[in-house]
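# Observations on the model geometry
The lines below spell out each chain.
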Amino acid sequence: MGSYILKRLISAIPVLLGITIIVFLIMSLIPGDPATAILGSYATPENVEKLNRDLGLDKPIVQRYFIWLGNMLTGDFGRSFSLNRPVIDEVLERFNATLILAGTSFVLCAMFGILAGVVSAARQYGWADKAITFTVLIGISVPSFFLGMMMILLFAVNLRWLPVSGMYAIYGGGDLPDLISHLIMPALALAAVATGVIARLSRSAMLEVLRQDFIRTARAKGVPEHRVIMGHALRAALVSIIPVLGIQAGFVLSGAVYIEIVFQWPGVGRMLVDAILKRDLLLVQGGVVCVAACYVLFNIAVDVAQSLLDPRIKT
Amino acid sequence: MLISWTRKGLLAAAGAFLVASGSLAPLVAQTPPGVLIVGQIAEPKSLDPAAVTAVNDFRILVNVYEGLTRYKSGTLEVEPALATGWTISEDGTEYTFTLRDGVTFHDGTPFNAAAVKFNFDRMLDESHPYHDTGPFPLSFFFSAVQSTDLVDEMTVKFTLNAPYAPFLSNLAYPTGLIVSPAAVAANGMEFGRNPVGTGPFQFGEWRANEAVVIERNDGYWGDAAATQAVVFRPITDSNTRVAEMLAGGIDLMVEVPPTSLGQFSGDDFSIAEQAGPHVWFLILNAKEGPFADKRVRQAANYAINKEAIVNDVLEGTATVAAGPTPPAFAWAYNESLDPYPYDPEKARSLISEAGVEGAELTFYVTEGGSGMLDPVPMGTAIQADLEAVGFDVKIETYEWNTFLGEVNPGLEGKADMAEMAWMTNDPDTLPYLALRSAAWPEDGGFNSGYYANEAVDKLLEAARTATDQDERARLYREMQAIVQDDAPWVFVANWKQNAVTNDRVENFGLEPSFLLNLQGVAKN
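All figures in this text were calculated on a predicted structure; none of them were measured in a lab.

Cut-offs used in this document
- Note on numbering: residues in each chain are counted from 1, in written sequence order.
- To label them, take the chains in the order written and letter them from A, then take the ligands in the order written and number them from 1.
- The predicted nature of this model means local features are confined to residues of pLDDT at least 70 and side-chain atom pairs, given and counted, to a pLDDT of 80 or more, with totals for whole chains, interfaces and linings taken over all residues.
- Note that water and hydrogens are dropped before the side-chain values are worked out from all heavy atoms of the structure.
- Salt bridges are defined as contacts in which a side-chain nitrogen from Lys or Arg sits within 4 Å of a carboxyl oxygen from Asp or Glu.
- Working definition: helices are DSSP H or I runs of at least four residues, strands are E runs of at least two. Numbering for both runs from the N terminus.
- Buried means the residue's accessible area, taken with a 1.4 Å probe over protein chains only, is under 20% of the maximum for its type, while exposed means over 50%, and partly exposed covers the values in between.
- Every residue is assigned a pLDDT by the predictor, reflecting its confidence on a scale from 0 to 100.
- Only heavy atoms matter for contacts: two residues are in contact if any of them lie within 4.5 Å across the pair.
- Two aromatic rings, drawn from Phe, Tyr or Trp (for Trp, its six-membered ring), form a pair once their centres lie within 6.5 Å of each other, and the interplanar angle then sorts them: stacked below 30 degrees, edge-to-face above 60, tilted otherwise.
- Among buried residues, those of type Ala, Val, Leu, Ile, Met, Phe, Trp, Tyr and Cys that are joined through side-chain atoms within 4.5 Å constitute a nonpolar core.
- By the convention used here, strands pair only if DSSP detects at least 2 bridges between them.
- By buried area we mean how much accessible surface two parts lose on assembly, using a 1.4 Å probe and totalling the loss over both.
- The definition of a polar contact used here is a pair of N or O atoms within 3.5 Å, where within protein one atom must be able to donate a hydrogen and the other to accept one, and adjacent residues in sequence count solely through side-chain atom pairs.
- Residues were grouped as follows: Ala, Val, Leu, Ile, Met, Phe, Trp, Tyr, Cys and Pro as nonpolar; Asp, Glu, Lys and Arg as charged; and all remaining residues, including Gly, as polar.
- Where helices are involved, their axes are fitted lines through C-alpha atoms of the stretch in contact, as for all axes, and angles between N-to-C directions lie from 0 to 180°.
- For any pair of crossing helices, the crossing counts as left-handed if the nearer helix is rotated counterclockwise from the farther one by less than a right angle, and right-handed if it is rotated clockwise.
- The patch calculation keeps residues exceeding 30% relative accessible area without a salt bridge and links them within 9 Å when they carry like charges or within 5 Å when they are nonpolar (Val, Leu, Ile, Met, Phe, Trp, Tyr).
- Every accessible area reported is derived by Shrake-Rupley at a probe size of 1.4 Å, with residue values counting cover from the shown protein chains alone.
- For the purpose of charge, His is not counted, nor are the chain termini; Lys and Arg are scored as positive and Asp and Glu as negative.
- A charge is said to be at NZ when it belongs to Lys, at CZ for Arg, at CG for Asp and at CD for Glu.

### Overview of the pattern of salt bridges
Within the structure shown, the criterion is met by 33 salt bridges over all chains. In this structure, Glu255 of chain B and Arg59 of chain B form a salt bridge, with 3.0 Å as the shortest nitrogen-oxygen distance. Within this pair, whereas Glu255 of chain B is found in the loop between β11 (252-254) and β12 (269-275), its partner Arg59 of chain B is found in helix α2 (residues 55-64), the two being separated by 196 residues in sequence. On the basis of relative accessibility, which here comes to 23%, the residue Glu255 of chain B falls in the partly exposed class. Lys117 of chain B is the salt-bridge partner of Asp121 of chain B, the closest N and O atoms lying 2.8 Å from each other. Highlighted residues: Asp121 of chain B and Lys117 of chain B, both in helix α3 (residues 113-124), separated by 4 residues, approximately one helical turn. Since its relative accessible area comes to 17%, Asp121 of chain B is described here as buried. The network of salt bridges with shared partners includes Arg85, Glu90, Glu93 and Arg94 of chain A.

### Observations regarding the confidence of the model for chain B
Residue and element names in this part refer to chain B. Mean pLDDT for chain B: 91, with 94% of residues reaching 70 or above. Note that residues 1-5 has pLDDT below 50 and, in this model, 8 contacts with residues that lie over four places away or in other chains. Contacts from residues 22-27, a stretch scored under 50 in pLDDT, to residues over four places away or in other chains number 8 contacts.

### Overview of α2 of chain B
Counting buried residues along α2 of chain B, 8 of its 10 residues qualify, which places the element largely inside the surrounding structure. Of the surrounding secondary structure, the elements contacted by the buried residues of α2 of chain B are β1 (35-40), β8 (201-207), β9 (211-216), β10 (229-234), β11 and β18 (489-502) of chain B.

### Some points on the packing of aromatic side chains
All names here are of chain B. Under the defined criterion, the tally for this structure stands at 32 aromatic pairs over all chains. Look at Tyr95 and Phe167: their rings are 4.9 Å apart centre to centre, the planes differ by 70°, and that puts the pair in the edge-to-face class. In this pair, Tyr95 sits in strand β5 (residues 94-99) while Phe167 sits in helix α4 (residues 167-172), placing the two residues 72 residues apart along the sequence. Accessibility assignment for this pair places Tyr95 and Phe167 in one class, buried. With a centroid separation of 5.2 Å and an interplanar angle of 40°, the aromatic rings of Tyr220 and Trp221 are classed as tilted. Taken together, the ring pairs connect Trp86, Tyr95, Phe97, Phe120, Phe142, Phe158 and Phe167 into an aromatic cluster.

### A word on the nonpolar core
One finds Phe97 and Leu518 of chain B to be the most contacted residues of the largest nonpolar core, which totals 151 residues. Phe97 of chain B has contacts with Leu68, Thr69, Ala83, Gly85, Trp86, Met154, Thr155, Val156, Phe158, Phe167, Leu168 and Leu171 of chain B, leaving out every residue within four places of it along the chain. Counting residues in each nonpolar core, the second largest holds 74 residues, with Ala102, Phe106, Ala110 and Ile152 of chain A among its members.

### A few points about helix α11 (residues 268-277) of chain A
All names here are of chain A. Along α11, the positions that sit buried rather than exposed are Val268, Gly269, Arg270, Met271, Leu272 and Ala275. Where α11 is buried, its residues touch α5 (87-122), α10 (225-262) and α12 (281-309). Arg279 sits one or two residues past α11 and shows a positive phi near 55°.

### Some thoughts on the pairing of strand β13 (residues 278-284) of chain B
All names here are of chain B. Most of β13 sits out of view: 7 of its 7 residues are buried. Side chains His278, Trp280, Leu282 and Leu284 of β13 all project onto a buried face; the interleaved residues Val279, Phe281 and Ile283 project onto the opposite face, where all are buried too. Strand direction decides the pairing type here: β13 and strand β17 (residues 417-423), joined by 7 bridges, are antiparallel. Counted as the bridge partner of Leu284 is Met417 from β17. Relative to β18, β13 is paired through 4 bridges, and the arrangement is antiparallel. Paired with Leu282 across the bridge in β18 is Val490.

### Here's the deal with the interface of chain A and chain B
Tallying the contact residues gives 59 residues for chain A and 63 residues for chain B. Between chain A and chain B, the buried area comes to about 5,300 Å², and carbon and sulfur atoms account for 61% of it. At the junction of chain A and chain B, the tally comes to 2 salt bridges. Glu399 of chain B serves as the salt-bridge partner of Arg279 of chain A, at 2.7 Å between the closest nitrogen and oxygen. Connecting chain A to chain B are 16 residue pairs in polar contact (both at pLDDT 80 or more). When contributions to the side of chain A that touches chain B are tallied by element, the ones reaching two or more residues are α2 (34-39), α3 (45-54), β2 (85-86), α5, α7 (144-158), α8 (176-210), α10 and α11 of chain A. No other element matches α5 of chain A, which puts 6 residues into the side of chain A that touches chain B. Grouping the amino acids of the side of chain A that touches chain B by side-chain chemistry returns 34 nonpolar, 13 polar and 12 charged.

### Observations regarding the packing of α11 of chain A against α12 of chain A
Residue and element names in this part refer to chain A. Direction vectors running N to C along α11 and α12 enclose 145°, while the axes themselves pass 9 Å from each other. Between α11 and α12 the crossing geometry is left-handed. Contacts from Val268, Met271, Leu272, Ala275 and Ile276 of α11 reach α12 at Leu283, Val284, Gly287, Val288 and Val291. Along the lines of polarity and charge, the residues of the contact of α11 with α12 split into 9 nonpolar, 1 polar and no charged.

### Some thoughts on a nonpolar patch on the surface
Residue and element names in this part refer to chain A. Where nonpolar side chains cluster on the molecular surface, the patch consists of Met1, Ile5, Leu9, Leu297 and Leu308 and spans about 440 Å² of accessible area. Among the elements of the structure, α1 (2-29) and α12 are those that each provide at least two residues to the nonpolar patch. Among the structural elements, Ile5 can be located in helix α1.

### Observations concerning the environment of Ala229 of chain B
Secondary-structure assignment places Ala229 of chain B in strand β10. We classify Ala229 of chain B as buried; its relative accessible area is 4%. Taking the C-alpha atoms as reference points, Ala229 of chain B and Lys294 of chain B, separated by 65 residues in sequence, lie 55 Å from one another. Those residues in contact with Ala229 of chain B, other than ones at most four positions away along the chain, are Tyr171 of chain A together with Gly34, Val35, Leu36, Ile214 and Glu215 of chain B.

### Quick word on a negative patch on the surface
Together, Glu90, Asp91, Glu94 and Asp149 of chain B make up a negatively charged patch on the protein surface. Its place among the elements puts Asp149 of chain B in strand β6 (residues 145-152).

Written out as structure tokens, the structure is:
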């Protein structure tokens, strides 16, 4: 198992390198340059050239890539010109916020999704199944940013139960209850779609397992129904549910972009959107490397978990 | 069994939620008195006047720093600020400023001639030890400055390489704000996050992506600020900004979307509006194609229903533009010019006179961008109006930076018309950079439609070098009349900036400069 994890970690390196090259290429291929973005209406060719020189963007792209790569390997991600601060400071701060949001969302969608799927499957065609299937369909169909806006209108503007946006209160905040009160709406809005997807797949995985012989045997042996469901069936179904969780984790991370904009959450998704619009290459690189590394690591964790659950999957 | 378990779970969850929501209620209580919370449109890039270009950042800066001059309240005319007065040499190339006594920076160091010299040398002299704390994207505002010299402790002299009349108003622009030399020396590249100026507020803290806090400067030389602190919150999404305003999370909101203004019509809120130095226009390609003919350019001005655009598309947040200079430059504005009326009949007859009926036009539209208002709906409204008089208009839409990369190098061979908008601080800036024949793109200007008129060139040169304001005003008025008739652009709209305050805020008003002066604003 140890050597399997190590092998997977090593194979992640070329993936990450490839991503940095692609991002670098895309950012240099899209029209418009940082100097034009900074200068806006004042972007005369002369001003643009001078500013590009000041920003060190007058060197050829290959040379710039290797300078960046060399610096990055020594831990220097460069300086964001659009935020005028070291990329690494910004990315870590933002990534932390995204992890809190996406992590909470992920836990919520995994918990509620699997639970809903199990209940649905155990009571196939019963009222609980119908209610869950209906709710799940709504969850999947409503775009998360719209759901977020509606939640803001109801819970923040009309009922005033929860703050509209941000991560902490401007005054008197900063503690855990404050964070939670800011986290509830964005985390739920972000979790909605993934919960639906997980619930549907869990339901079908469970139904498939419940039809199998070992379940009938367990029931015949007189195992109580809740143990049949939660113990025997769910454990077997998890093998096909967990890879879905891995994929949904990616969706939650990318969905965070919209939710972070709606709720003004200071996360890495919003940062990336701003950085791309401002052609802030180094910030985009730093952010993408961070997100990609996280995604790759999570997928390795999913594979490992799967092979632990199902010995047939070779490590 | 499973069902009953789930029901219990649901009940427990609902109960927990109710308890939690009850205990959360105090957390969303009102914001404290004496602290004004401003909803901004973006996180500032920096709080160093040298490094920033966005109005969003200027709104914070002008409360922390001051320049040698400033805009007189409610106008775009300059008045003394950190300088108490100045003299201009006969030939218009030497400006000598007497500085205000007894002013100190927030770090306790004195404001004097040496500090002024430090600021301009830092920006303009590439060998200055702190030039690398830039970059200085707007340094060309002061490219006319040849040298800055100390006359005595409290007198400083600027020598320009040629007479340059906009110099005084450029000093009032945020790029001319004076920073503390000691603080730049102490913080280097990080000065932008540890700003020190002389203004009515001093820097408190900057929580990245959450808030910038500035606090009352008790040692301010002028009237003390009316609030104890101001908090600037970046809220990029305009719907979220509106929701925060409605929920009481912010006290003051800038750039309210036109369609949301109706939500603030009650007694709990007041809306401020102010026309600014902004003009939204269409650049017409005067070098080739149908618009090479002046009659067709005029026809486009007649064909487009500008009233409908400002009232229906922009919901009254703009007024119809008459010419290239916005009326906010009251002293230089030609009052006698009326906008081209909406007259499709006249447009059709001009088009048939020129023999270009049914001509195909390529129209560059942007998706967004600084000062561009609502460019896609505006573009489609314009397209419809031009098609109504017989043109065949093909729209090409670009993201803002891509758009600038297409338009700034010139429209030749690519397009017949393009949307554009400018916000400036002096009536010189826009026409000088975008209407002179020496400002065609290949010469480094913004005359992307290749307009050329010798009389306009002469007037603009003369207005730039005249130091007498009345004389400058006369020259600009004459220029506006000629340009309006030549119609190198379709003059569409002048934006009215807006802001909403809640009923706890007093004495708030917007300035034509689009800056946000919060010194006198109180919050209960």
